[in-house]
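Architecture at a glance
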Amino acid sequence: MSNVHELNYLKEQVQELKDQGVYRVLPVLEAANEAEVLLDGKKVINLSSNNYLGFANHPEMKKAAIEAVEKYGVGSGAVRTIIGNMDIHEMLEVKLAEFKREEAVMVFQSGFNCNAGAIQAITNKGDLIISDELNHASIIDGVRLSRADKAVFKHSDMQDLERVLSEKRDHYTNCLIITDGVFSMDGDIAKLPEIVELAEKYNCMTYVDDAHGSGVLGESGRGTVDHFGLHGRIDFTIGTLSKAIGVIGGYVAGKKVMKEWLLHRGRPLLFSTSLPPAAVGAITKAVELLSTTTEYTDRLWENAKFFKAELGKLGFDIGHSETPITPVIIGDEAQTVAFSKRMLEKGVFVSPIVFPTVPKGTGRVRCMVTAGHTEKQLLDAVRVFEEVGKEMGLL
Ligand SMILES: *Cc1c(COP(=O)(O)O)cnc(C)c1O
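Chains are numbered independently. Their residues run from 1 in the order of the written sequence. It should be noted that, the model being predicted, local features are given only for residues of pLDDT at least 70 and side-chain atom pairs only at 80 or more, the latter also being counted only at that level, while totals for whole chains, interfaces and linings use all residues. In computing side-chain values, all of the structure's heavy atoms are included and hydrogens and water are not.

1. Concerning the overall build of the protein
Note the cut-off: Where helices and strands are cited, they refer to DSSP runs of H or I of at least four residues and of E of at least two residues respectively, numbered from the N terminus. Here the term buried applies to any residue with accessible area under 20% of the maximum for its type, exposed to any over 50%, and partly exposed to those in between, with areas from a 1.4 Å probe on protein chains only. Every residue pair with non-hydrogen atoms within 4.5 Å of one another is taken to be in contact. For every accessible area listed, the method is Shrake-Rupley and the probe measures 1.4 Å; residues are considered covered only by the protein chains on display.
What the protein contains, in helices and strands, is 14 helices and 13 strands. With respect to the three principal axes, the spread of C-alpha positions in the protein is 60 × 55 × 55 Å. In the protein, buried positions account for 51% of the 395 residues. By sequence separation, contacts in the protein at least 24 residues apart represent 69% of the contacts at least 6 residues apart. Accessible surface, the protein: about 18,400 Å² in total, of which carbon and sulfur atoms supply 54%.

2. So, the packing of helix α4 (residues 111-122) against helix α5 (residues 137-144)
Note the cut-off: Helix axes are fitted to C-alpha atoms over the stretch in contact, other axes to C-alpha atoms as well, and angles between N-to-C directions run from 0 to 180 degrees. Here the angle decides the label: under 35 degrees means roughly parallel, over 145 means roughly antiparallel, 65 to 115 means roughly perpendicular, and every other value means oblique. Helix crossings fall into two classes, left-handed where the near helix is turned counterclockwise from the far one by less than a right angle and right-handed where it is turned clockwise.
The interhelical angle for the contact between α4 and α5, taken along N-to-C directions, is 30 degrees, at an axis separation of 8 Å. As summarised for this structure, α4 and α5 are arranged roughly parallel, according to the angle between their axes. Considering how the two elements wind past one another, α4 and α5 form a crossing that is right-handed. Across the interface between the two elements, F112, N115, A116, I119 and Q120 of α4 pack against S138, I139, D141, G142 and V143 of α5.

3. Quick look at the sheet that holds strand β12 (residues 352-353)
Paired through their backbone hydrogen bonds, the strands of a sheet run either parallel or antiparallel. Convention followed: Only strands joined by at least two bridges in the DSSP assignment are considered to pair.
The strand order across the open sheet formed by three strands is β10-β13-β12, and the pairing between neighbours is antiparallel. Whereas interior strands pair on both sides, the edge strands pair on one side only; in this sheet they are β10 (325-331) and β12. As paired elements, β10 and strand β13 (residues 363-368) share six bridges and run antiparallel to each other. Note that in β13 the partner of V328 across the bridge is V365. Sheet strands in contact with helix α12 (residues 295-314) are β10 and β13, and its direction is about 20 degrees off that of β10.

4. Some remarks on the pattern of salt bridges
The following threshold applies: Salt bridges, as used here, are contacts in which a Lys or Arg side-chain nitrogen is within 4 Å of a carboxyl oxygen on Asp or Glu.
The tally for this structure, following the rule as stated, stands at 22 salt bridges. A salt bridge links K259 to E93, with the nearest nitrogen and oxygen atoms 2.6 Å apart. Remark: E93 occurs in helix α3 (residues 87-100) and K259 occurs in helix α9 (residues 256-265); sequence separation between them is 166 residues. The exposure class of K259 is partly exposed, given its relative accessible area of 23%. Across the salt bridge formed by E167 and R163, the nearest N and O atoms sit 3.4 Å from each other. Here the residue E167 and the residue R163 both occupy positions in helix α6 (residues 158-168), the gap between them amounting to four residues, near one helical turn.

5. Looking at a nonpolar patch on the surface
Cut-off, in case you're wondering: A patch is a set of surface residues, each over 30% in relative accessible area and not in a salt bridge, joined within 9 Å for like charges and within 5 Å for the nonpolar side chains Val, Leu, Ile, Met, Phe, Trp and Tyr.
A cluster of nonpolar side chains, namely V14, L17, V22, Y23 and V25, defines an oily patch on the protein surface of about 430 Å² accessible area. Its location among the elements puts V14 in helix α1 (residues 8-19).

6. Points about the sheet that holds strand β11 (residues 348-349)
Taken together, three strands build an open sheet; the order of strands is β1-β2-β11 and the sheet is mixed. Both outer strands of the open sheet, β1 (36-39) and β11, are each paired with one neighbouring strand and no more. Examined bridge by bridge, β1 and strand β2 (residues 42-46) share four bridges and lie antiparallel to one another. Residue pairing in the sheet places E36 in a bridge with I45 of β2. Relative to β2, helix α14 (residues 375-391) is tilted by about 95 degrees, and along the sheet it contacts β1, β2 and β11.

7. Observations regarding the site of the ligand
Here is the rule: Proximity is defined per residue: if any heavy atom of the residue lies within 4 Å of a molecule or strand, that residue is considered near it. Within 3.5 Å is the distance limit for a polar contact, defined as a pair of N or O atoms, with the added protein rule that one can donate a hydrogen and the other accept it, and that residues adjacent in sequence qualify only through two side-chain atoms. Gly counts as polar in this scheme, as do all residues outside two lists: the nonpolar Ala, Val, Leu, Ile, Met, Phe, Trp, Tyr, Cys and Pro, and the charged Asp, Glu, Lys and Arg.
In the vicinity of the ligand there are 14 residues, among which G111, D209, T240, S242 and K243 approach most closely. D209 is positioned such that a nitrogen or oxygen atom in its side chain is 2.6 Å from a nitrogen atom of the ligand. The contact in question runs from an oxygen atom of the ligand to an N or O atom on the side chain of S242, over 2.5 Å. Counting residues per element, the shell around the ligand draws most heavily on α4, which supplies three residues. When its residues are assigned to classes, the shell around the ligand shows two nonpolar, nine polar and three charged.

8. A few points about the UniProt feature "domain: Aminotransferase class I/classII large" (unreviewed entry) in the protein
Selection rule: UniProt positions are given in the numbering used here, feature names are shortened, and annotations may be inferred rather than shown by experiment.
Residues annotated by UniProt as "domain: Aminotransferase class I/classII large" (unreviewed entry) correspond here to residues 42-383. For the annotated span residues 42-383, helix accounts for 43% and strand for 17% of the residues, and the straight-line distance between the end C-alpha atoms is 19 Å.

9. Re the side chain of Q377
Position of Q377 among the secondary structure elements: in helix α14. Beyond its immediate stretch of four places on either side in the chain, Q377 contacts A35, E36, I45 and G372.

10. Description of the nonpolar core
This is how the line gets drawn: Within this scheme, the nonpolar core is defined by two criteria: the residues are buried Ala, Val, Leu, Ile, Met, Phe, Trp, Tyr or Cys, and they are joined through side-chain atoms within 4.5 Å.
Counting residues in each nonpolar core, the largest one holds 36 residues, and the members touching the most others are Y52, L53, F55, L96, V107 and I283. Only α2 (59-72), α3, β3 (104-108), β9 (250-254), α11 (277-292) and α12 provide two or more residues apiece to this core. Per element, the largest residue contribution to this core is eight residues, and it comes from α11. If we ignore the near neighbours within four places in the chain, the residues touching I283 are L92, L241, I245, V247, I248 and L275. Ranked by size, the runner-up nonpolar core spans 24 residues in total, among them L161, L165, A190 and L198.

11. Let's talk about the packing of aromatic side chains
What counts, and what does not: A pair of Phe, Tyr and Trp rings is counted when the ring centres sit within 6.5 Å of each other, with Trp represented by its six-membered ring. The angle between the planes then sorts it: under 30 degrees is stacked, over 60 is edge-to-face, the rest tilted.
All chains considered together, the criterion is met by five aromatic pairs. Between the aromatic rings of F316 and F339, the centroid separation amounts to 6.1 Å while the plane-to-plane angle is 85 degrees, which identifies the pairing as edge-to-face. One end of the pair, F316, is in the loop between α12 and β10; the other, F339, is in helix α13 (residues 333-345), with 23 residues separating them in the sequence. You can call F339 buried: its relative accessible area is 0%. Taken together, a centroid distance of 5.8 Å and an interplanar angle of 75 degrees make the contact between F316 and F385 edge-to-face. Of the two residues, F316 sits in the loop between α12 and β10 while F385 sits in helix α14, which places them 69 residues apart along the sequence.

Next up, the structure:
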């Protein structure tokens, strides 16, 4: 019998990944994450980041981060509930709540942490959670941590949601409907107005994870709830500070009592150290920027529309995205990976997304347009799409 400490069972599993052609090697960035990046020693156009507004290397945010480090140090020193709660954390939450037009905001260390902490904190045994089938992995994990029962409805299918509600709602105390605000693999927007109506009809709470909507949709990036004018009718809105905001962190926005409760039962908040000063300083500056100008979101949408129009002319299947997320659907898994590889050889980094992240046979490269791209970079990328598409017989 082999020695378990050699981890042979993991070696076998890793070998299986290699046999299936899905073994990962991480690309290495050698400078800031921008519209053009130095990747594995080569300068390429970056169509794969979540850095929607170009904030990840924003000079004013960097300055704010450095100032925060000088005044507050590099670490917060503790979890927030002990001695890791600084005035800058408090100020950030006030600013974010104002920006989001909600009563209160509770900041976590990441968007993932919000879902890991909030869902289990606000549901109990005897409750029901109803989740869109395409919800993000962190929602799925968050739901697993809850003692509530779970049900899934077909993606954005309101008839199916109502079917679940009419069959099950009566058997439970509270019911929570959870959806992504913007679905990250296709770029479509949740049908929030219809979801809210059903939630009100069946006396359910609503929970929107707006990681890809925050900083993108709504007035100056206030998010999907703002986009639909549904303030006050969504009980819990999750935003991330790691994507459009360009730093790290997440938050739950909603009622004051939500914040009071999460302070006592939001486990990542109670058992994991709070955001470091540099992050808080930079994020606060980002919120200030978005509160004073729509220039960043305007530019993001201009670029997204321009890129989609140019790419659309070539005749690729670009799905039904309603946001800057632009999938180019290739289909076959191996062909998708080969497509991405060839794009990179020609100077464009666009990541392949295949099963199990998306259904089999719907492999795609996912283009993430940002405010930081120039028209020339976008046109160059489109030209490379055309070349590779023709080369591989897809056009
Ligand atoms: C990216 C993402 C998260 C995780 O956010 P982080 O701040 O990167 O941890 C959570 N939910 C959704 C829907 C996401 O797309």
